[in-house]
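Residue strings, one per chain:
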Amino acid sequence: MKAGVKLAISALVLAVIYVGFDGQAAIALIGDIRLEYVWLAAALGFADFVLAAWRWQRIARVNGVALRFMTALRVTAESHFFNQGLPSTFGGDAYRIWILTNRELAVGDAIGCVGTDRLIGALALALFVALVQFKLVDYLTDDVARIAIWCVIAAVVIAIIVALVVGRQLARRERGPLLSQLAQSVGHLQTLCAKPLDFAAVMFVGVAGHGLLTLMFYVLAVGLDVPLGAIEAMSVFPTVFLLSMLPVTVAGWGVREALLITALQLFDIPAAAALALGLSFGICMLLISIPGALLWLSERGRGA
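Residues numbered from 1 in each chain as written. Predicted model: local features only at pLDDT ≥ 70, side-chain atom pairs only at ≥ 80, totals over all residues. Heavy atoms only, no water.

Enquirer: I'd like a rundown of the environment of Leu259, residues and numbers included.
Expert: Within the fold, Leu259 resides in helix 11 (residues 255-263). Under the relative-accessibility criterion, Leu259 is labelled partly exposed at 25%. Each C-alpha atom of the pair Leu259 and Ala274 lies 9.2 Å from the other, and the pair is 15 residues apart in sequence. Not counting chain neighbours up to four residues away, the residues in contact with Leu259 comprise Val240, Leu243 and Ser244. (Helix = DSSP H or I, 4+ residues; strand = E, 2+ residues; numbered from the N terminus. Buried < 20%, exposed > 50% of the residue type's maximum accessible area, 1.4 Å probe, protein only. Contact = heavy atoms within 4.5 Å.)

Enquirer: Could you give an account of the side chain of Thr116, with specific residues and numbers?
Expert: On the secondary structure map, Thr116 appears in helix 6 (residues 107-136). Here Gly112 takes part through its backbone oxygen, which lies 2.7 Å from a polar atom of the side chain of Thr116. (Polar contact = N/O pair within 3.5 Å; in protein donor to acceptor, adjacent residues only side chain to side chain.)

Enquirer: Explain the nonpolar core to me, using residue names and the numbers behind them.
Expert: Counting residues in each nonpolar core, the largest one holds 63 residues, and the members touching the most others are Leu228 and Leu264. Per-element accounting of this core gives the leading share, 9 residues, to helix 12 (residues 271-287). Ignoring sequence-local partners within four residues, the contact set of Leu264 consists of Leu228, Val236, Ile269, Ala274 and Leu277. One finds Val62, Leu123, Val132 and Val202 within the second-largest nonpolar core, a separate group that totals 12 residues. (Core = buried A, V, L, I, M, F, W, Y, C linked by side-chain atoms within 4.5 Å.)

Enquirer: Let's hear about the packing of helix 9 (residues 196-223) against helix 10 (residues 230-244): which residues, and what values?
Expert: At a closest axis distance of 9 Å, the pairing of helix 9 and helix 10 adopts a crossing angle of 120°. Relative to helix 10, the element helix 9 is oriented oblique. Between helix 9 and helix 10 lies a crossing whose hand is right-handed. Residues His210, Leu213, Thr214, Phe217 and Tyr218 of helix 9 form the contact with helix 10, whose participating residues are Ala230, Ala233, Met234, Phe237, Pro238 and Phe241. Split by residue class, the contact of helix 9 with helix 10 holds 9 nonpolar, 2 polar and no charged. (Axes fitted to C-alpha atoms, helices over the stretch in contact; angles between N-to-C directions. Parallel < 35°, antiparallel > 145°, perpendicular 65-115°, else oblique. Left-handed = near helix turned anticlockwise from the far one by under 90°. Nonpolar A, V, L, I, M, F, W, Y, C, P; charged D, E, K, R; others polar.)

Enquirer: Can you explain the packing of helix 3 (residues 35-62) against helix 9? Please cite residues and give values.
Expert: Contact geometry of helix 3 with helix 9 gives a least axis separation of 9 Å together with a crossing angle of 170°. It follows that helix 3 is roughly antiparallel to helix 9 by the angle criterion. Tallied by class, the residues present in the contact of helix 3 with helix 9 amount to 21 nonpolar, 4 polar and 4 charged.

Enquirer: I'd love a proper account of the packing of aromatic side chains, names of residues and values included.
Expert: All chains considered together, the criterion is met by 10 aromatic pairs. Judged by centre distance (5.8 Å) and plane angle (75°), the rings of Phe46 and Phe49 are edge-to-face. Separated by 3 residues within a single helix, Phe46 and Phe49 lie in helix 3, roughly one turn from each other. For Phe46, a relative accessible area of 34% gives the class partly exposed. (Phe/Tyr/Trp six-rings, centres within 6.5 Å; stacked < 30°, edge-to-face > 60°.)

Enquirer: Run through the environment of Arg118, naming residues and quoting values.
Expert: Tracing the backbone through its elements, the reader meets Arg118 in helix 6. For Arg118, a relative accessible area of 27% gives the class partly exposed. Each C-alpha atom of the pair Arg118 and Trp56 lies 9.1 Å from the other, and the pair is 62 residues apart in sequence.

Enquirer: So what about helix 12? Which residues, and what values?
Expert: Taking 1.5 Å as the rise per residue, helix 12 with 17 residues should run 24 Å; its terminal C-alpha atoms sit 24 Å apart, in good agreement. Taken across its 17 residues, helix 12 has 13 buried, putting it largely inside the fold. (Expected span 1.5 Å × (residues − 1).)

Enquirer: Describe a nonpolar patch on the surface, naming the residues involved and giving the relevant values.
Expert: On the surface, Ile283, Leu287, Ile290, Leu294 and Leu297 cluster together into a nonpolar patch covering about 460 Å² of accessible area. Of all elements in the fold, only helix 12 and helix 13 (290-303) reach the threshold of two or more residues within the nonpolar patch. With 3 residues, the top contributor of residues to the nonpolar patch is helix 13. (Patch = residues over 30% accessible without salt bridge, like charges linked within 9 Å, V, L, I, M, F, W, Y side chains within 5 Å. Areas by Shrake-Rupley, 256 points an atom, 1.4 Å probe, with all protein chains shown as cover. Salt bridge = Lys/Arg side-chain N within 4 Å of Asp/Glu carboxyl O.)

Enquirer: Please provide a residue-by-residue account of the pattern of salt bridges, values included.
Expert: Taken as a whole and assessed by the stated rule, the structure comprises 8 salt bridges. For Arg34, the salt bridge goes to Asp225, with nearest N and O atoms at 2.7 Å. Separated by 191 residues along the polypeptide, Arg34 in the loop between helix 2 (23-31) and helix 3 and Asp225 in the loop between helix 9 and helix 10 bring together distant segments of the chain. Look at Arg34 and you get partly exposed, because its relative accessible area is 29%. Looking at Asp225, the relative accessible area reads 57%, which means it is exposed. The salt bridge partner of Glu78 is Arg74, with a shortest N-O separation of 3.2 Å. One end of the pair, Glu78, and the other, Arg74, are both in helix 4 (residues 69-85), 4 residues apart, so they sit about a helical turn from each other. In this structure, Glu78 and Arg74 share a single accessibility class: buried.

Interpretation in functional terms is not warranted from these geometric data alone.
Shown next, in the form of structure tokens:
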């Protein structure tokens, strides 16, 4: 989907939500948020950067790619800026691949390291959603909603399995440079899966990272005085976050807010409060992308 279309969809959905669900009340709630909770939420977001950088470094090392932790942390922060600031969720991935190829790494190896990290993150999120889904089903009365959530989880797992199977076939039938690079890329994931301890480590860190983002969501709810308990936040947010990753809007804007308004009705949370919470999370994600933007600008300044 083109970037302009995603931007238009985000703007349209947010406009409809703002008009239809008392957007002025949501903005008023955001204006009254307690700032100490915003700083705490931002700190949790930065902690997620640290875990994400370690995971990427570990995946690279397993595949024989030398990547210093501080470099991985800096590039992770910069890629978050691209993911939040550009109308494409793959802007940050493209930047990470570019950084690795500039370090004289083969394109296939660069795509493999970044692609494997992306797949592990998606699989960890699917696992996290599956774990909290057992709590969420206590509140869901609609069988269609339950089935839809499980279908999304299954789709993520099946996609990774298919990637592994297709990768093996491509490895046996290298036809041209493109298929050769794709086979080499999928081979990175196979190498990681062949080392159970490393695979378990990156999966654990991936799940922990999503746990930090869920805690960040809960902290913002407390700061907004939204009557949402920690267990309820844990049962709702991971599923909303997973679904908002679908590449139909810019950084999940619009989809996230619509899903939260729907999901938090299960806990009798007013639509305006749910909208305020979704917007606050998005704004906080933008705020923590600022250091990445500054790092990127400083790198460009040194290069100029």
